[in-house]
Amino acid sequence: MYTRQRILLVFVLVLSMVLIWGLSKGVFASTTENYADVKLPDIVSYNFDIKPILSDKCYTCHGPDVNERKAGLRLDQEEDAFKELSVTAGKYAFVKGNPLKSEAYLRMVTDNNDDLMPPSESQLHLTTHEKELIKKWIVQGATYEKHWAFIPPKKIQLTAKTAKEWEQNEIDGFVLQKIIDNNLKPSPKASKETLVRRISLDLTGLPPKSEMVKDFLADTSNEAIETLVDKLMALPSYGEKMAQAWLDVARYADSHGYQDDNYRSMWPWRDWAIHAFNKNMPYDEFLIKQLAGDLLPNASKEDVLATGFNRNHPITQEGGVILEEYRSYYVSDRANTLGKGVLGMTLECAKCHDHKYDQLSHKNYFEMYAFFNNVKEVGFEMGVGRATRLKHYADNPYITISDEDAEGVLSFINRKEGTSVNVMVMNDSLPRDAFIFNRGEYDDHGEQVYPNTPEAILPFSDALPKNRLGLAQWVIDPNNPLTSRVFVNRIWASIFGRGLVETLGDFGVQGSLPTHPALLDWLAKDFMENEWDIQNLLKKILLSATYQQSSVATEERKATDPENLLLARAGRFRMSGEMIRDYILTTSGLLHTEIGGPSVRPYQPDGLWKETTSGSGILAKYVADKGDKLYRRSLYTFWKRTSPPPGMTIFDAPTRDYCEVNRQKTNTPLQALALQNDVQMLEAARVLAQNTLANSAHDDQLVQTIFKAILIRTPKIEELKVLENYYLDAKIKFGKEKENAEKLVSIGSFKKPETDPVKTAALMLTAQVIYNLDETITKE
């Protein structure tokens with residue numbers, strides 16, 4: 001199958017250019033009227049999924065009526081591709097099995113410059129290999145298939161390759177095949193110092209403790225890495241790391257959003273997500289509880305709490321809004337989040353009209369919308385002023401978590417005894433009719449619709465209930481081609497820095513092609529066969545030789561594969577803002593490891609909240625916390641939608657106004673300035689310096705000690721020499737400017753040093769230099 005799929009990859013790209021030119025010249029089409037959006041296809045899948053050359057759906061929702069436009073030759077419709085050409089009687093664009101009777105192919109290989117496709121003036125040329133691929137596809141029968149992502153994954157057997165001794169599990173066979181096919185070799189295995197740091201960051205988001213490093217380096221057994229993985233997965237920080245990424249998908253925030261952006265009490269849902277990952281809840285159960293936990297038979301309070309996932313969307317508290325308009329926004333958000341975050345489809349593109357590229361109709365969108373339309377909610381419940389006075393921090397419907405709950409089924413909730421907290425959840429207590437919204441307008445109803453799913457993905461079984469529980473069961477159906485692939489791909493991206501499909505939230509025809517389609521399918525199928533076990537999936541990846549390679553990019557590898565698509569080396573990429581801050585807090589000894597609970601407010605520049613508030617509500621002014629709350633993991637940092645934590649947005653964190661599955665990766669001067677000047681960073685360097693001085697009896701070991709604490713490795717001789725010289729120079733400088741030294745070591749709220757301020761300041765700046773190294777903020 002995959003050979004034919006690659007043939008079409010070239011075929012569609014080339015033939016699209018050919019036919020566009022031909023259509024413009026009247027070669028193939030009977031008319032060229034109203035072709036306002038004729039263009040080269042943006043996406044080609046690796047099978048026989050043909051995108052329209054002339055689309056009758058390429059206008060915006062406010063454009064001319066679809067029926068006014070007529071298409072010429074359309075390659076997305078199999079019957080069109082093989083019918084007689086309207087202006088050349090007796091000829092066909094393709095004839096199955098016969099390239100010499102396929103007019104499109106003949107024009108690609110002709111010596112007649114007047115007939116050549118693509119035409120010479122287009123500056124586009126086909127290689128001999130590309131022509132042969134198209135010919136081979138026609139000879140094989142010119143078979144059309146569904147879009148690759150809509151075909152359920154299957155495990156395939158690989159042909160034997162050399163270097164078999166390099167492989168450590170099934171993943172390596174798929175990767176090695178690609179590497180060898182491109183005349184490369186895998187990279188050597190990374191050092192144990194590199195691996196212990198890498199694995200710890202991937203599983204806990206934190207650098208490893210010194211004791212764990214010592215044990216791992218001393219373990220010479222073949223099971224050393226597996227033992228390390230098991231230890232890290234057993235830590236509470238594992239669940240925190242996994243939940244961090246899910247908060248972006250779930251668009252979690254501690255405020256409602258919109259203009260007034262007041263406080264909401266959703267943090268118990270976050271505690272549930274951490275708890276779910278730490279107990280290694282299977283992914284199918286994880287999804288069912290969040291999508292429809294309230295509809296489960298004998299649903300527990302934990303099941304209901306999980307449905308807060310659906311209520312994480314922005315909610316307005318601004319008076320004067322149209323209630324039904326905003327309620328429709330909330331319902332749409334839930335459908336969109338399911339589409340992007342779980343199914344990897346741009347479902348929202350079908351809200352105003354049929355999807356321009358994917359097999360998602362306007363009707364499909366509102367059939368999915370109908371599943372989420374029965375919540376007993378309104379578009380506006382109360383204004384920010386009244387909500388603040390009444391301490392109303394959860395719109396209906398909500399559950400109340402009390403002492404009794406916290407001692408029972410919700411024992412994982414970290415709350416102060418004697419207090420209760422309300423959390424927004426789901427119910428289906430107010431059934432409503434659903435309609436297609438013409439042009440996406442909430443008050444322009446078209447045809448009535450009923451809960452249903454896109455047939456192109458997987459038909460909705462008659463045996464399933466027509467509610468969110470039925471939808472959830474459809475989502476995790478083994479025959480659903482998307483759910484497992486999308487999650488496996490996201491896990492892969494979190495580890496390697498790039499997914500096997502680069503577009504994590506778009507598996508449609510506009511998304512990227514898989515670099516290793518057979519591997520993606522194998523992982524997806526294996527994931528389901530192993531009962532959706534997330535830790536088993538992670539372990540499989542981390543124990544592969546592919547993962548354990550060095551990340552060093554040789555000149556040969558950079559020249560052949562600059563983006564590392566072949567995976568002939570390990571991924572190397574900058575950590576997220578949350579991971580960088582947590583890394584610095586951990587290595588300095590400042591991190592407070594309490595699990596769960598309400599969000600906290602660490603250091604932040606003055607005035608930011610004031611700039612994004614209407615002047616009322618409890619979030620009008622930012623007041624930093626004190627004590628241990630300043631040093632909690634970044635997962636717990638208060639998230640105000642209109643003013644997210646600046647230390648994280650500088651490093652590309654989203655606003656969480658809507659579902660995000662893949663953060664941008666930028667490199668800006670602001671990031672370097674934050675690392676150099678942020679109070680949290682300076683305080684961490686100071687605390688590391690004062691603790692090192694207090695615990696070290698030898699001055700000649702100071703620099704080496706902090707280097708190893710931060711980078712989890714011994715410095716090279718030349719590195720140590722440069723840093724020691726820097727430390728000595730700083731010490732001389734501060735010896736002459738003791739007042740500046742004392743001022744510097746006073747930064748931050750943590751207790752001030754009892755050590756020599758001159759030495760502390762000098763070592764603090766040395767630590768700051770190491771914290772600013774590319775290696776420190778990079779996972780490699």
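All of these numbers come straight from a predicted model, not from anything done at the bench.

(A) Region of the structure containing helix α8 (residues 224-233). Within the span of α8, buried status applies to Ala224, Ile225, Leu228, Val229, Leu232 and Met233. Projected down its long axis, α8 shows its buried positions confined to an angular sector of 165°, all on one face. Looking at the packing, one finds that the buried side of α8 touches α6 (192-204), α7 (210-218), α9 (236-249) and α20 (534-542).

(B) Broad picture of the packing of aromatic side chains. In this structure the tally under the stated criterion is 32 aromatic pairs. Taking the centre distance of 3.9 Å and the plane angle of 20° together, the rings of tyrosine 283 and phenylalanine 487 count as stacked. In this pair, tyrosine 283 sits in helix α11 (residues 283-292) while phenylalanine 487 sits in helix α18 (residues 483-496), placing the two residues 204 residues apart along the sequence. The class for phenylalanine 487 is buried, based on a relative accessible area of 5%. Seen in terms of ring centroids, phenylalanine 496 and tyrosine 547 are 6.3 Å apart; in terms of plane orientation they differ by 90°. Their pairing is edge-to-face.

(C) Representation of unusual backbone geometry within the structure. Methionine 117 connects to proline 118 through a cis peptide bond whose omega is -10°. Here proline 118 is to be found in the loop between α3 (103-109) and α4 (128-139). With an omega of -5°, the peptide bond running from asparagine 396 to proline 397 counts as cis. By the secondary structure assignment, proline 397 is in the loop between α15 (384-390) and β1 (398-401). Phi is positive for glutamate 531, which is not a glycine, with a value near 60°. Structurally, the position occupied by glutamate 531 is in the loop between α19 (517-529) and α20. Under the relative-accessibility criterion, glutamate 531 is labelled exposed at 62%.

(D) Region of interest: the nonpolar core. One finds Ile199, Trp246, Trp269, Trp272, Leu305 and Trp474 to be the most contacted residues of the largest nonpolar core, which totals 185 residues. With nine residues, the top contributor of residues to this core is helix α29 (residues 757-771). Residues contacting isoleucine 199, with those up to four places away along its chain left out, are Ile225, Leu228, Val229, Leu232, Leu542 and Tyr547. In this structure, Phe94, Leu126, Ile134 and Tyr144 belong to the second largest nonpolar core, which totals 14 residues.

(E) Seen up close, helix α24 (residues 669-677). All buried positions along α24 are accounted for by Gln671, Ala674 and Leu675. End-on, the buried residues of α24 take up no more than an arc of 95°, which puts them together on one face. The outward face of α24, more than 90 degrees from its buried face, is lined by the exposed residues Pro669 and Leu670. Buried-residue contacts for α24 involve β5 (573-574), α22 (577-588), α25 (679-695) and α29.

(F) Expanded view of the confidence of the model for the chain. For the chain, per-residue confidence averages 89 on the pLDDT scale, and 89% of positions sit at 70 or higher. Confidence drops under pLDDT 50 across residues 1-71; counting only partners more than four residues distant or on other chains, this segment forms 179 contacts.

Reading guide: rules and limits
Residues numbered from 1 in each chain as written. Predicted model: local features only at pLDDT ≥ 70, side-chain atom pairs only at ≥ 80, totals over all residues. Heavy atoms only, no water. Buried < 20%, exposed > 50% of the residue type's maximum accessible area, 1.4 Å probe, protein only. Helix = DSSP H or I, 4+ residues; strand = E, 2+ residues; numbered from the N terminus. Arc of directions from axis to C-beta. Contact = heavy atoms within 4.5 Å. Phe/Tyr/Trp six-rings, centres within 6.5 Å; stacked < 30°, edge-to-face > 60°. Core = buried A, V, L, I, M, F, W, Y, C linked by side-chain atoms within 4.5 Å. pLDDT = per-residue confidence, 0-100.

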